[in-house]
Structures are given as structure tokens and as C-alpha cells.
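Structural features, examined
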Amino acid sequence: VSSGEKATSLRYNLMELAAEKNDVISLGRGDPDLDTPAEIIEGTWRRMKTTPSSIPVRGLLELRRSVANHYQITKGLDFDPEQEIIITNGGQEGLFLTMLALVDPGDSVATPDPRYSSYDQAIGAAGGSIVEIPTGKDLRFELDADDLRQGIQDAKILVLVNPSNPTGALVRADGVRRIAEAARDLDVVVVSDEIYEEVVYDNERLLSTVACEGMRERTVTLSGFSKAYAMTGFRVGYLIGDPAFIDAVERLKAATSGPCPLLSQNAALTALE
Ligand SMILES: Cc1ncc(COP(=O)(O)O)c(C=O)c1O
């Protein structure tokens, strides 16, 4: 069973079995087992003493500015905080709303296999189908260029989780550039889930897909605070994409959860500070 509802119920059954055993490693959600740093908790309380006059669905402008500033400082990338960024309730909501916004019934979405299986539910809910691109031990769980091209040939979207959950593999800069080139050639949108960006070792650094030539208009970047700042319980993530995409996500978000809670946005602001 590789995908869909059956895979989900199998996964839940396995999780119940695993809960009864010691030393079982979960390859599902990647929740850090560290406490949220005390400075973030303290800074959050300080910020909560004043309430902003408005809490827009796409998130506090101050937080969106702070996310934009972070990309400018760390990667030299400029994003418009008013139009190109939306704060989500964790990466989880971000990925679900992204699929609802981008996928039409009958669309194909390519994803490396194995993958983070929440994408299956999101793609399924939007009426899309999945094309699996194999990765494996022999490839060090990296994507082979030919397999990739073949996989995305008829796809509208490629979901790239980099670094990957569950494999932990990083697609290095040259690999990201190859993926970008293929996406441009074959007119594919890349949803680049970079939520594990800070969990990269051996002096490597992630090259964001959006930083590759010609990718700005065809990339959605998904990230958040759960992993990098051990803030899973706060439920804060964000999406960066073109203004029309962000508008579409905002409409869906307004109709489902509304803005991310103020407490959590204050925690995210403190983390970036
Ligand atoms: C690849 C990937 N994307 C998104 C998420 C969702 O993260 P969050 O905890 O911010 O909802 C996870 C969570 O484990 C994940 O592994």
C-alpha cells in the first residue's frame, strides 16, 4: 500500500503498535524532542502585553516583514511581505492549502517516493493524482535526473521536500539546479517544502528552489518554525509565492481557520528576532 486513505489507516495502525514498543523511530512527522527555547517563551509573553489593532488573515504584517527580512539576510532574496507571503497554522496547513489552491481535479502531482505522506491526503482532497519518482538507497535517496524528467513529464506540479522527510537526504545545490531546469523546460510548478532547512549537516547549506534562475514565478516555498526553533506546538508556518497564489490561499484560509493565532505569531516574531 503506497498511497491514499488505505496507507493512512495502515500508518495509524502501525503507530499504535509502535507506541507499545521501546526504541522505535518514527518516520512520520519530524517533531523535535527539544523544548522551545526559554527566550522565545519569555519574548512571546512580553509581546502579548500589547494587542495589535488588526490581525489580517495572511498574518501580522510585522511578522511577514520579519520573514522577508530573514530571506534577504540569509539568502539575498527579496520578497514583498504584503503580496508574496502568508502565515499559516504550521507547515501542515500550508501544504494542504497549497494543494487546494494549485491542484484541479485530474491534475498529476509528481513527488519523490518515499515522501511525507500528508501530501497524499492534500493532493487527494484536491482531486489530483500522484506520480511517484523513485529514490532509494542506491541513489543515496537523491533524485536521479532522468527519473525526475520522466516523472514530471505529464505533471503540473512537483513536490520537493528538501531536506527530505522521511529519508533525511539533502538534494545539493547542483541537484536543485537540475530540478529547476527540468521544471522550466517542462512547465512545472515546484512546491519546495524547505521546513527542515536548518537540519542540514556537514557544512552543507540548502539552495532554495526559488533562488534558481527563472524559478521565482513557478515556485511555492513552504517553511515554518516547528523544526528550526523547536516550536511544533505553536503551529506557525508560512508560504512564499506569487501574489495570485497567495490571494488564493488567503481566500481558502479565511474560510477555514482564519489568521494564525496571535500568541503563535508573537512567538514566531520573537524567534526571528
Ligand atoms: C515535510 C514536512 N512538511 C511539513 C510538515 C508540517 O510541519 P508543521 O509541524 O509546521 O505543521 C512536516 C511535519 O513533520 C513535514 O515533515
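What you see is a predicted model, and the numbers here were worked out from it, not measured in a lab. (Residues numbered from 1 in each chain as written. Predicted model: local features only at pLDDT ≥ 70, side-chain atom pairs only at ≥ 80, totals over all residues. Heavy atoms only, no water.)

1. Here we look at the packing of helix α2 (residues 38-48) against helix α9 (residues 262-272)
Between α2 and α9, the least distance of the axes is 8 Å, while the angle of their chain directions is 125°. One element, α2, and the other, α9, form an angle in the oblique class. Once α2 is placed against α9, the crossing between them reads as right-handed. The segment α2 lies against α9, with Glu-39, Ile-40, Gly-43, Thr-44, Trp-45, Arg-47 and Met-48 engaging Leu-262, Leu-263, Asn-266, Ala-267, Leu-269, Thr-270 and Ala-271. (Axes fitted to C-alpha atoms, helices over the stretch in contact; angles between N-to-C directions. Helix = DSSP H or I, 4+ residues; strand = E, 2+ residues; numbered from the N terminus. Parallel < 35°, antiparallel > 145°, perpendicular 65-115°, else oblique. Left-handed = near helix turned anticlockwise from the far one by under 90°. Contact = heavy atoms within 4.5 Å.)

2. Comments concerning the pattern of salt bridges
All told, the structure shown has 17 salt bridges when counted by the stated rule. Where Arg-172 meets Glu-142, a salt bridge forms, and the shortest distance between an N and an O atom there is 2.9 Å. Separated by 30 residues along the polypeptide, Arg-172 in the loop between β4 (157-161) and α7 (173-185) and Glu-142 in the loop between β3 (129-134) and α6 (145-152) bring together distant segments of the chain. Classification of Arg-172 by relative accessible area gives partly exposed; the value is 29%. (Salt bridge = Lys/Arg side-chain N within 4 Å of Asp/Glu carboxyl O. Buried < 20%, exposed > 50% of the residue type's maximum accessible area, 1.4 Å probe, protein only.)

3. Examining helix α8 (residues 243-256)
Between its terminal C-alpha atoms α8 stretches 20 Å, which fits the 20 Å expected from 14 residues at 1.5 Å a residue. Of all the residues in α8, the buried ones are Phe-245, Ile-246, Val-249 and Lys-253. Viewed along the axis of α8, the buried residues span an arc of 95°, placing them on a single side of the element. Exposed residues lying more than 90 degrees from the buried face of α8 are Ala-244, Arg-251 and Ala-255. Elements that come into contact with the buried residues of α8 comprise β1 (85-88), α4 (90-102), β6 (219-224) and β7 (237-240). Of the residues that open α8, the one with a side-chain oxygen 2.9 Å from the backbone nitrogen of Ala-244 is Asp-242. Taken from the residues just after α8, Gly-258 is the one with a positive phi, measuring 70°. (Expected span 1.5 Å × (residues − 1). Arc of directions from axis to C-beta. Polar contact = N/O pair within 3.5 Å; in protein donor to acceptor, adjacent residues only side chain to side chain.)

4. Focus: the packing of helix α3 (residues 61-75) against α9
Across the interface, α3 lies against α9 with an axial gap of 10 Å and an inter-helix angle of 30°. Between α3 and α9, the interaxial angle falls into the category roughly parallel. Where α3 crosses over α9, the two elements pack in a sense that is left-handed. Contact with α3, carried on its side by Glu-62, Leu-63, Ser-66, Val-67 and His-70, involves Gln-265, Ala-268, Leu-269 and Leu-272 of α9 and no other residues of that element. A per-class count over the contact of α3 with α9 returns 5 nonpolar, 3 polar and 1 charged. (Nonpolar A, V, L, I, M, F, W, Y, C, P; charged D, E, K, R; others polar.)

5. Digging into unusual backbone geometry
At the junction of Asp-113 and Pro-114, the peptide bond is cis and its omega measures out at 5° in the coordinates. Within the secondary structure layout, Pro-114 lies in the loop between β2 (108-113) and α5 (118-125). Cis geometry marks the peptide bond from Asn-162 to Pro-163, where omega comes out at 0°. Relative to the helices and strands, Pro-163 is located in the loop between β4 and α7. Phi at Asp-23 is positive, roughly 60°, even though this residue is not glycine. You can see Asp-23 is positioned in the loop between α1 (4-19) and α2. In this structure Asp-23 comes out as exposed when scored by relative accessible area, which is 80%. For Arg-140, which is not glycine, the phi dihedral falls at a positive 55°. Topologically, Arg-140 is positioned in the loop between β3 and α6. A relative accessible area of 58% places Arg-140 in the exposed class.

Taken by themselves, the reported measurements are silent on function.
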